[in-house]
Amino acid sequence: ERLTRQLSGVEFNLLVPDGRRRRGGGRTTTTTTTTGYGSKHDDESAAGDILENVLSRIDVPPLKFVAVSDRDDYLRAARDVGMFTCRVRPLNKRRGNVTTDYNVEDAGSVQDVINE
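These numbers were taken from a predicted model, which means no experiment stands behind them.

Student: Would you mind showing me how to read the pattern of salt bridges here?
Tutor: Oppositely charged side chains can pair when the atoms bearing their charge come close. Inspection of the entire model under this criterion finds four salt bridges. Between Asp80 and Arg79 there is a salt bridge, with its nearest N and O atoms 3.6 Å apart. Given a relative accessible area of 55%, Asp80 falls into the exposed group. Each member of the salt-bridge network shares a partner with another, and the members are Asp72, Arg87 and Arg94.

Written out as structure tokens, the structure is:
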């Protein structure tokens with residue numbers, strides 16, 4: 001909801017909540033990184049599941065998408081299926097371990113990436 005307010009000029013076809021799985025099979029709805037929700041492999045599998053879900057709901061090739069996240073697992077999964085990637089990385093925060101097509105300091109700057 002906050003992202004859609006910040007980017008009022010962007011049409012969102014589908015917003016997907018955080019895909020990390022809780023113990024017991026449910027999914028979390030927060031985007032903060034915590035311990036105890038499974039391994040790195042579980043997070044990457046969940047990110048891949050979410051992207052497959054998105055691609056199955058929208059009849060658009062991956063090359064027409066820009067995946068925006070601050071998480072390596074989502075960015076890696078998006079890159080691996082052929083999507084453009086954009087990392088949200090505030091000034092003075094760590095760079096991450098995945099090379100992305102675009103980097104922005106805040107969600108409001110994503111509009112410039114979309115316009116490009």
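Still more ground to cover, so stick around.
Student: Explain the side chain of Ser69 to me, please; I cannot follow it from the model alone.
Tutor: Tracing the backbone shows Ser69 in strand β1 (residues 66–69). Residue classification places Ser69 among the buried positions, given a relative accessible area of 11%. At 3.0 Å, the side chain of Ser69 forms a polar contact with the backbone nitrogen of Arg71. Not counting residues up to four positions away in its chain, the partners in contact with Ser69 are Tyr74, Leu75, Cys86, Arg87 and Val88.

Basis of the calculations
- Residue indices begin from 1 for each chain and proceed along its sequence in written order.
- Per-residue local features are limited, in this predicted model, to residues with pLDDT of at least 70; the limit for side-chain atom pairs, both in listing and counting, is 80 or more; totals at the level of whole chains, interfaces and linings are taken over all residues.
- Values shown for side chains rest on all heavy atoms present in the structure; no hydrogens or waters enter the calculation.
- The salt bridge definition used is simple: a Lys or Arg side-chain nitrogen within 4 Å of an Asp or Glu carboxyl oxygen.
- Exposure classes here rest on a 1.4 Å probe applied to the protein chains alone. A residue is buried below 20% of its type maximum, exposed above 50%, and partly exposed in between.
- Helix numbering and strand numbering both begin at the N terminus, where a helix is a DSSP run of H or I of at least 4 residues and a strand a DSSP run of E of at least 2.
- Any pair of nitrogen or oxygen atoms within 3.5 Å is treated as a polar contact; in protein, a donor-acceptor pairing is required on top of that, and neighbouring residues in sequence qualify only through side-chain atoms on both sides.
- Contacts are residue-level and defined by heavy atoms, with any inter-residue pair within 4.5 Å sufficient.

Functional significance is not addressed by these values, which are geometric in nature.
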